[in-house]
Amino acid sequence: MAFSKRDAIKLTWPATQPDAGGHAVLAKDFTRIYHVDLHGNVRQNPKLSGTTHNVFGIQVGVGVTVAIRRKNHKKHEIAYQRVEENLTRWDKYRWLEGSKQVAGVDWRKLKPDAKSTWLVAYGADEFEGFVPIADKRNANPQTIFAESSPGVKTNRDDVVYDFNRKALVDRVKQFIEDYNAEVDRYKRSSTTRRLKKTVDDYVKYDNIKWSETLKKKLRAGEYAKFDELLICTARYRPFTSSYLYFDGSLIERTYRFSTYYPAGQPRPTNTHIWVKSGRDWPVFGLASNQVVDLLPQGGSQCFPFYVYDEDGSNRRENVTDWALKTFREAYGDKTISKWDIFHYVYGMLHHPGYRDKFKDCLKRELPRIPFAGFENRSAAASAAQASGLRSNEQGEAQLRPEAHPAPKPAKRGAGKVPAPGAGDSAGRDASERDVRSANPALQFRAFADAGETLCKLHLDYEKLEPWPLRRMVALSAKGCDLYTITDKMRLSKDRKSLKVNNHLTLHGIPERCFDYRLGNRSALEWVIDQYRVKTDKKSGITSDPNRQDDPEYIVRLVGQVIRVSMETLDAIETLPESYGGPLP
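Residues numbered from 1 in each chain as written. Predicted model: local features only at pLDDT ≥ 70, side-chain atom pairs only at ≥ 80, totals over all residues. Heavy atoms only, no water.

Caption draft 1: Here's a closer look at the overall build of the protein. Per the secondary structure count, the protein includes 19 helices and 27 strands. Buried residues in the protein amount to 49% of all 584 residues. Here the contacts in the protein between residues at least 6 apart in sequence split such that 71% fall between residues at least 24 apart. Working note: accessible area of the protein is about 29,200 Å², and carbon and sulfur atoms make up 50% of it. (Helix = DSSP H or I, 4+ residues; strand = E, 2+ residues; numbered from the N terminus. Buried < 20%, exposed > 50% of the residue type's maximum accessible area, 1.4 Å probe, protein only. Contact = heavy atoms within 4.5 Å. Areas by Shrake-Rupley, 256 points an atom, 1.4 Å probe, with all protein chains shown as cover.)

Next up, the structure:
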């Protein structure tokens, strides 16, 4: 940060920072703000290279802000410019050098919204009219879910997660022994020494990865105790099942998951929607009936159907009575249940038009859910949606990201518009679609039914019949273990085959399966990325997904995830073309 003679500051920071709160402070304290977005966010666009496209050679995008405060400025103004995203870092240097000063840039003036957001997301006004899925602060009673929670944040994944239960038990026991030894050592220290030295100076990092919660427990003299009942299965990443030692002593933040899946054998049943949040990945929703991880780069939020007390008692439904009443009245259907609403939300989160149009909104806040069948058909709204630009009262252009019209999914079955001369079956499909589109209640049921189908697919993917893949076995494989992953499985360049190891290759991967994406990867690519043998450089801990009791598990999983991808895409195609709109 450098101060100039004109009472200005120049800030260079990751382009996604500061947030709206930081924007509000800057807009209040300075009379002129100029921001240049230099892009280079490799996490948002994997096609970029940090060393090639980022001016700092880092993974997150970079922006430069010049903020000026002068008494003779009668009003506060904010201006913005973005360089071409695909320019190399050297091209961006030349652009900066050529601009020389603020006056050398062709700025676009911005008008922040009520939340102090500078770049208003495309479709933000329409999105604002939908129903909030939940309120993180529990301050708004008019939401679909009464509460939500991030996934668990461990701060020591390599200690508390493992594919192998025995390896997890051995490692956790050793960690607890090392931690308790530190508690003893800390207790033996004199009071004077404890006062003179902070915990940060006192603890040893040789065997323990310390975090704030663990340090607090050390200060309090709290010992850890191993409990077999705290081991559970968890979703570490999409379609990646692992064992987790779910203990608040060793996990940095369990958040509310101790009330969603209370400890015990067996654990109470539950289902929740796991939604990726944050700006670095495209948002996705995935149903789970297990504890899930927070996820990196922005985290996640989870919306359970049930909430319990921590002892597993007092089960209550998390879909609000307000939501039940509102949906029943909106669709004139008293048979709508809370499970119907849960599945409706899940179906909506998979709607291609909804996800594409509001992708920038979904990166900034929790999802808001429209009502199927209640489209806003006003000419003004249609015109605003068609253009990526909105004019304000002063005639200044309010910048929005490039408009992405909601795509119409290509139908292969129900709902397909028949060609002239098509048979009776196609005609019936079209007629059914027309009836459904004219009846909001039928559209609600279409979303709920598709959501229920998707939910079952994603919960029971390990029970599906694997997609038929041809197995090519090398001549040198005689006497070798065909199914053992030695390092990492690898897709061929055309992505039609997968090399499991030097002895086994799977052929016949359908190209379409890669269209089912969760964030920045397809479901199959998540499996390939996670089910590999790797050793953490710092801790020396090796993660090995191979199962001695079920050697074919990973190969079978590959086929099952291809199957779930294909059937997910089929279910998505049954959704109505329109996602709906706000209630009138």
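Caption draft 2: Local environment of the pairing of strand 12 (residues 285-288). Neither face of strand 12 is exposed, since G285 and A287 on one face and L286 and S288 on the opposite face are all buried. For strand 11 (residues 272-276) and strand 12, the ladder comprises four bridges, and the chain directions are antiparallel. Residue V275 lies in a different strand from strand 12, and its bridge partner there is G285. (Pairing = 2+ DSSP bridges.)

Caption draft 3: Seen up close, the sheet that holds strand 22 (residues 497-499). The four strands are arranged 20-23-22-21 in an open sheet whose pairing can be described as antiparallel. Each of the sheet's edge strands pairs with one partner strand only, and the pair in question is strand 20 (470-473) and strand 21 (490-491). Here strand 22 runs beside strand 23 (residues 504-507); their pairing, made up of three bridges, is antiparallel. When the sheet's bridge partners are listed, L498 is paired in strand 23 with L506.

Caption draft 4: Focus on the pattern of salt bridges. Taken as a whole and assessed by the stated rule, the structure comprises 28 salt bridges. Between K338 and D321 there is a salt bridge whose closest N-O contact spans 2.7 Å. Residue K338 is found in helix 12 (residues 338-348), and its partner D321 is found in helix 11 (residues 321-331); the two are separated by 17 residues along the sequence. Several salt bridges share partner residues, and in doing so they unite E128, E365 and R368 into one network. (Salt bridge = Lys/Arg side-chain N within 4 Å of Asp/Glu carboxyl O.)

Caption draft 5: Expanded view of the sheet that holds strand 11. The strand order across the open sheet built from three strands is 12-11-14, with neighbouring strands paired in antiparallel fashion. Only two strands of the sheet have a single partner each, and these edge strands are strand 12 and strand 14 (300-304). Neighbour-to-neighbour, the strand axes of this sheet turn through a mean angle of 25 degrees, independent of strand direction. Inspection of the sheet shows strand 11 paired to strand 14 by five bridges, in the antiparallel sense. Within strand 14, the position partnered with K276 by the bridge is S300. Sheet strands touched by helix 12: strand 11, strand 12 and strand 14. Its angle to strand 11, the strand with the most contacts, is close to 25 degrees. (Axes fitted to C-alpha atoms, helices over the stretch in contact; angles between N-to-C directions.)

Caption draft 6: Structural view of the packing of aromatic side chains. Under the definition given, this model contains 38 aromatic pairs. Centre to centre, the rings of F239 and Y461 are 4.9 Å apart; their planes meet at 85 degrees, and the pair counts as edge-to-face. Here Y461 lies in the loop between helix 17 (440-459) and strand 20 and F239 lies in the loop between strand 9 (231-237) and strand 10 (240-245), a separation of 222 residues in the sequence. The buried category is assigned to F239, whose relative accessible area is 1%. Note on Y461: relative accessible area 0%, which makes it buried. These aromatic residues form a ring-pair network of at least three members: F145, F303, F305, Y306, Y308, W339 and F342. Directly above the aromatic system of W281 lies the positively charged group of K276, at a separation of 4.7 Å from the ring centroid. (Phe/Tyr/Trp six-rings, centres within 6.5 Å; stacked < 30°, edge-to-face > 60°. Lys NZ or Arg CZ within 6 Å of the ring centre and 35° of its normal.)

Caption draft 7: Fine view of helix 3 (residues 89-99). Among the residues of helix 3, those classed as buried are R89, K92 and S99. Projected onto a plane normal to the axis of helix 3, the buried residues spread over an arc of 85 degrees and lie on a single side. Facing away from the buried side of helix 3 by over 90 degrees, the exposed positions are W90, R94, E97 and G98. Buried residues along helix 3 sit against helix 2 (50-53). Two residues or fewer after helix 3 comes K100, characterised by a positive phi angle close to 65 degrees. (Arc of directions from axis to C-beta.)

Caption draft 8: The arrangement of the nonpolar core in detail. Core analysis: the largest hydrophobic core is formed by 125 residues, its most contacted members being F145, F239, L244, Y344, Y354 and M489. The biggest single contributor to this core is helix 19 (residues 553-572), with 12 residues. Excluding its chain neighbours within four sequence positions, the residues that come into contact with Y344 are F327, Y331, I369, P370, F371, A372, F444, F447 and A448. One finds L38, V64, V66 and I68 within the second-largest nonpolar core, a separate group that totals 12 residues. (Core = buried A, V, L, I, M, F, W, Y, C linked by side-chain atoms within 4.5 Å.)

Read these as spatial facts, not as claims about activity.
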